[in-house]
Amino acid sequence: MAERVIGKVGRVVGPVVEAREVAGVEMLEMVFVGDERLVGEVVRIRGDAAWIQVYEDTTGLRPGTPVYGKGEPLSVELGPGLLGGIYDGVQRPLDVLRAQSGDFISKGIHVTALDRERRWEFEPVAEAGSEVFPGQIIGHVRETELIEHRIMVPPRMGGTLMDIAPPGEYALEDVIGRLKGDGGERELKLYQKWPVRVGRPYKTRRPHTVPLITGQRVLDTLFPVARGGVVVVPGGFGTGKTMVQHALAKWCDADLVVYIGCGERGNEMTEVLLDFPRLIDPRTGRYLMERTILIANTSNMPVAAREASIYTGITLAEYYRDMGYHVAVMADSTSRWAEALRELSGRLEEMPADEGFPAYLPTRLAEFYERAGAVETLSGADGSITTIGAVSPPGGDFSEPVTQHTKRFVRAFWALDKQLANARHYPSVSWLASYSEYTDDVTEWWDETTNGEWKDLRSSIISIMQREARLERVVKLVGADVLPDSQRLILETANIFKNAFLQQNAFDEVDAFCVAEKQYRMLKIIVRFYDLALEAIKKGGTLVGLKKLGVMRDIMQMKFEYANEDAGKLEELEKKLEESINEFGSIFG
Amino acid sequence: MSSEASLDRPRRRDLLDQREYVGIEEISGPIVALRGIHDVGYNELVEVIDGTGRVRLGMTLEVSSGAAVVQVFEGTSGLKLGSTRVRFRGEPLRMAVSPEVLGRVFDGLGRPIDGGPDPIGEPSDVNGLPINPTAREYPREFIQTGISAIDGMNTLVRGQKLPIFSGSGLPHMHLVAQVSRQARIVSEDSGFAVVFAGMGIKHDEAMYYIRNFEESGAMERAAVFLSLADAPSVERLITPRVALTVAEYLATEMGMHVLVIMTDMTNYCEALREISTEREEIPSRKGYPGYLYSDLASLYERSGIIKDRPGSITQMPVLTMPNDDISHPVPDLSGFITEGQIVLERDLSQRGIYPPIAGLPSLSRLMKDGIGEGMTREDHAHLASQLFAAYAHVKDIRALASVIGEEELAPVDHTYLKFGDAFENDFLSQSFDEDRSIEQTLDLGWKVLSVLSREELHRLTEEELKKYYRK
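Residues numbered from 1 in each chain as written. Chains lettered and ligands numbered in written order. Predicted model: local features only at pLDDT ≥ 70, side-chain atom pairs only at ≥ 80, totals over all residues. Heavy atoms only, no water.

## Side note on the sheet that holds strand S16 (residues 184-189) of chain A
All names here are of chain A.
Consideration 1: With antiparallel pairing, four strands are arranged side by side in an open sheet as S10-S13-S15-S16. Looking along the sheet, the strands with just one partner apiece sit at the ends: strand S10 (131-132) and S16.
Consideration 2: Sheet topology places S10 next to strand S13 (residues 159-164); two bridges connect them, and they run antiparallel. Among the inter-strand pairings, Val 132 is bridged to a residue of S13, identified as Gly 159. (Pairing = 2+ DSSP bridges. Helix = DSSP H or I, 4+ residues; strand = E, 2+ residues; numbered from the N terminus.)

## So, the nonpolar core
Consideration 1: Grouped together as the largest cluster of nonpolar side chains are 170 residues, with contacts concentrated most on Tyr 320 and Trp 414 of chain A.
Consideration 2: Counting residues per element, this core draws most heavily on helix H13 (residues 516-539) of chain A, at 14 residues.
Consideration 3: When sequence neighbours within four positions are dropped, the list of residues in contact with Trp 414 of chain A reads Thr 214, Leu 219, Phe 223, Val 225, Val 231, Val 232, Val 233, Pro 234, Leu 248, Ile 388, Val 429 and Ser 434 of chain A.
Consideration 4: One finds Tyr 208, Tyr 354, Ala 390 and Ala 392 of chain B within the second-largest nonpolar core, a separate group that totals 75 residues. (Core = buried A, V, L, I, M, F, W, Y, C linked by side-chain atoms within 4.5 Å. Buried < 20%, exposed > 50% of the residue type's maximum accessible area, 1.4 Å probe, protein only. Contact = heavy atoms within 4.5 Å.)

## Overview of helix H6 (residues 334-347) of chain A
Residue pairs spaced three or four apart in an α-helix point in one direction, given the helix's 3.6 residues per turn.
Consideration 1: The terminal C-alpha atoms of H6 of chain A, which comprises 14 residues, lie 20 Å apart, in line with the 20 Å expected from a rise of 1.5 Å per residue.
Consideration 2: Across the 14 residues that make up H6 of chain A, a large majority, 13, are buried. (Expected span 1.5 Å × (residues − 1).)

## What to know about the pairing of strand S20 (residues 340-343) of chain B
Residues and elements named next belong to chain B.
Consideration 1: Going residue by residue along S20, you find Gly 340 and Ile 342 tucked away on one face and Gln 341 and Val 343 tucked away on the opposite face as well.
Consideration 2: When strand S14 (residues 164-166) meets S20, the two strands line up parallel, connected through two bridges. Its bridge partner being in S20, Ile 164 is matched across the sheet by Ile 342.
Consideration 3: Bridge analysis of S20 against strand S21 (residues 363-364) gives two bridges, and the strand direction is antiparallel.

## Overview of the domain arrangement of chain B
All names here are of chain B.
Consideration 1: Taken domain by domain, chain B comprises domain 1 (15-91), domain 2 (95-368) and domain 3 (380-468).
Consideration 2: Look at where the C-alpha atoms of domain 1 and domain 2 centre, and you get two points 31 Å apart.
Consideration 3: Every contact between the two is made by 14 residues of domain 1 and, on the other side, 11 residues of domain 2.
Consideration 4: The contact between domain 1 and domain 2 buries some 1100 Å² in all, and 61% of this surface belongs to carbon and sulfur atoms. (Domains from an automatic or database assignment. Buried area = accessible area lost by both parts, 1.4 Å probe.)

## Section: the sheet that holds strand S15 (residues 193-199) of chain B
Consideration 1: As summarised here, the arrangement of the eight strands in space is S9-S16-S15-S17-S19-S14-S20-S21 (chain B), forming an open sheet in which the pairing is mixed. Where the open sheet ends on each side, the last strands, each with one partner, are strand S9 (104-107) and S21 of chain B.

## What about the domain arrangement of chain A?
All names here are of chain A.
Consideration 1: Per the domain assignment, the segments making up chain A are domain 1 (4-73), domain 2 (204-439) and domain 3 (454-586).
Consideration 2: On a C-alpha basis, the centres of domain 1 and domain 2 stand 31 Å from each other.
Consideration 3: If you look at the interface, domain 1 gives 13 residues, while domain 2 gives 12 residues.
Consideration 4: In this assembly, domain 1 packs against domain 2 so that about 930 Å² is buried in total across both faces, 65% of it on carbon and sulfur atoms.
Consideration 5: Put simply, domain 1 and domain 2 have two salt bridges between them.
Consideration 6: Measuring nitrogen to oxygen at the nearest pair gives 4.0 Å for the salt bridge that ties Glu 350 to Arg 44.
Consideration 7: Across the domain 1-domain 2 interface, the total number found is three residue pairs in polar contact (both at pLDDT 80 or more).
Consideration 8: Every element with two or more residues in the side of domain 1 that touches domain 2 is listed here: strand S1 (4-13), strand S4 (38-46) and strand S5 (49-54).
Consideration 9: Residue contributions to the side of domain 1 that touches domain 2 peak at three residues, all from S5.
Consideration 10: Looking at the side of domain 1 that touches domain 2 residue by residue, the class counts come to seven nonpolar, two polar and four charged. (Salt bridge = Lys/Arg side-chain N within 4 Å of Asp/Glu carboxyl O. Polar contact = N/O pair within 3.5 Å; in protein donor to acceptor, adjacent residues only side chain to side chain. Nonpolar A, V, L, I, M, F, W, Y, C, P; charged D, E, K, R; others polar.)

Below, the structure is given as structure tokens:
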């Protein structure tokens, strides 16, 4: 369907426009509203009226002006050139917008998402005359040093590849192949389009077995997430949600990161734009920006585009997943998305449910989170999307609707704690309120990497932390002085674990990111300390004496002093610990 | 659509925009509804003229063919259905901006009330436009406010938005006056132009600020916008927008560094709630509209620095937390948008400590990039972190002491109590006209830490301890 006039503006209420005298419009069709041709989407049709949510500021929009239908749903362009880009919620490249309209975003500007001029080196892998299936990889483009962009037959298309372009440089609009199938003959280009609200197809779901290593000890060791998993990070303001999301985007071992800044601060996006092109990915030695796509719809940009932004982001992620990549999606924050939903729902005069949110909030949340997962792609490769959604509960109250509904659809919960943040204990992930249901899924992987020790070490430390939480209640009433040394050792070990292990300095060169091996060895040293110290105390040693051992300072500083490459050297520290405690204990033995 | 029609539309609109309508359909609180008019634009300026000829300004809140809902900023008292005349201006509310706005006092809609002439200048849409995130420069220039609790632990940087969360009866007024007087960039030795938006504040409070600006000589670099407590509440919705439009002009066009003070944001939010309730919109928390977050963001996000332009906007909004409740929607949603918050604490204030800046809930998100070697001092980050950690421990021990009594505490806990007192009385506390340099602040921080033994200071490095501890 081509573009045509579908009606005219009848009523304007903020970002919602009611069009009148409407004919032949489709639900969720993309439209242009008014003389300024503001981008919008049809969200309700009744008789000859249609309701449109508009992705740009509607100031000055007048009734009686025309509404144009685009003949297709709101879609994104998928092709080389996405990586390293920064887009708004409806995939308009912000740098191009800036070049066209200056430092402030004005409205009614239409630009394509992908650069049509740029030429890409294309290398075909399919042969002319062969039968191809939907999702099959027919060629490659080197998109960045890091990522090879695999050109695929679009989903729902297949047949005989009549011809395919020879190796060479092509622009996006150049035809690189022709396909003959049931629907007739189709041209293939380096890019394809896909509607954002529909998940891209895959062959089957795969079980989760491999953890997404985030480099954050508290997460990987205590609350791991599997590749293809979904996590929610709830936290009131000032608890460091964005810091956690940034750290994950920087250091997690996904092939690709899609970062959705949804209704958040402008300066935070600027920080990412400033940091990522300079930071080096420790695994690949390349700049982080080469594996990152940013979607920025800051809090003061139009609210309807904020609603669309998470769909735009996840669709881009699915496209790279289909190539066989492991993608991590950070959505910061889904509460702002839910609020956009609430605002639009209110303007549509729908009946509200909890706290003014529409009744379909849980459905929409489920739809979004279900687009994550580990899959076998149409072309038979392994791909995954891990989604990490931040939630900003009002007043830090986790019983509010967005947190509660989200909890139903995710399997890991990283609760950020105000008290920890106040003491500047970062990441402020609460070890008591958080959980992960992926632990069992990834235990095998960890045990293989750590000589089968991970599971036991982990349960030892968790048991110490639980006993500490119980003891703390006693201490709050009577003070720590009355406890016997064996119990004070639990407090002491927990303290070491909190300060030397859980706390991680995102701004320290060595500590910002921690590889799996270092995490395991550090954990082992702390658990060993507890076992050995308990023995020494039983023999008659005192905790005060133990604390004076020189090796204790080494343990407190090990996160800073052993670089990731030198994680193996922690074995020597473990030996030193054993020796000094044994020596200490032998006085009494 | 034919091309002829598209050419015709703007011309026809010009004629229509000069039309005046007599009679309105409905008056309800600050809102009036009209029917039988031409198709007017959304969010555009309206003039409502009462029987005496007085012109009141308003804005379209909702438009549909031949009808509009208008909010009247200057109240609807005295309006009659039959005789009220209405003109649609066909443009959004604009404020004339020029350097001449400095040194002047305006009402909440940007009209002078100091007896001077109307400012002449380029009319600018008060709604502003969102800054493209790719056009932003990341703020990292340290602003010395001369207040230890801010400079040392919650550092303000140029282009940041850092609100003050206060309570009724707490001395935010003095704190704001002190900051606007003392704030400067040390390396450039330059001060700030001040744009002040007073929303729903009392006459004497407004006079206090103006007197302060005059006494410190800041008035000639200040523009003051006042929508006082007795002005119609809806006017407050415009006041910060007018003020920010002026600030944006001074920053982007004149290259000035602007400090914007908006007080009190709670009054602003209440005006928003009033309109929303009047329109029977679906409320979210505590009757505030669901779009409160987006609306606040449209104000707070009008700050920062733009690449390759010399000026900047630093915001210091003030809000009072109803019943000192930080989880109330106004402070809560503000905290999610602003880059930190300075929280004032009643307990400290009652003990006579000024400024009563709460040690733990206060935070500056942009601090990390504005401090350290070359900006403040190399030990700043670790020192601040250690002060936070130690003070958090003091709070725990005080809670414990209130249960078991101070005598029962372990010796090390006693030193923490001593540290707590030193921190509050020597570091936090300072006088209203005391302007401490950053070195003084940091040295003071080390001095209060020296109460604790060296083994307790986990967050400082060996070198830092060697250089500064008990020196």
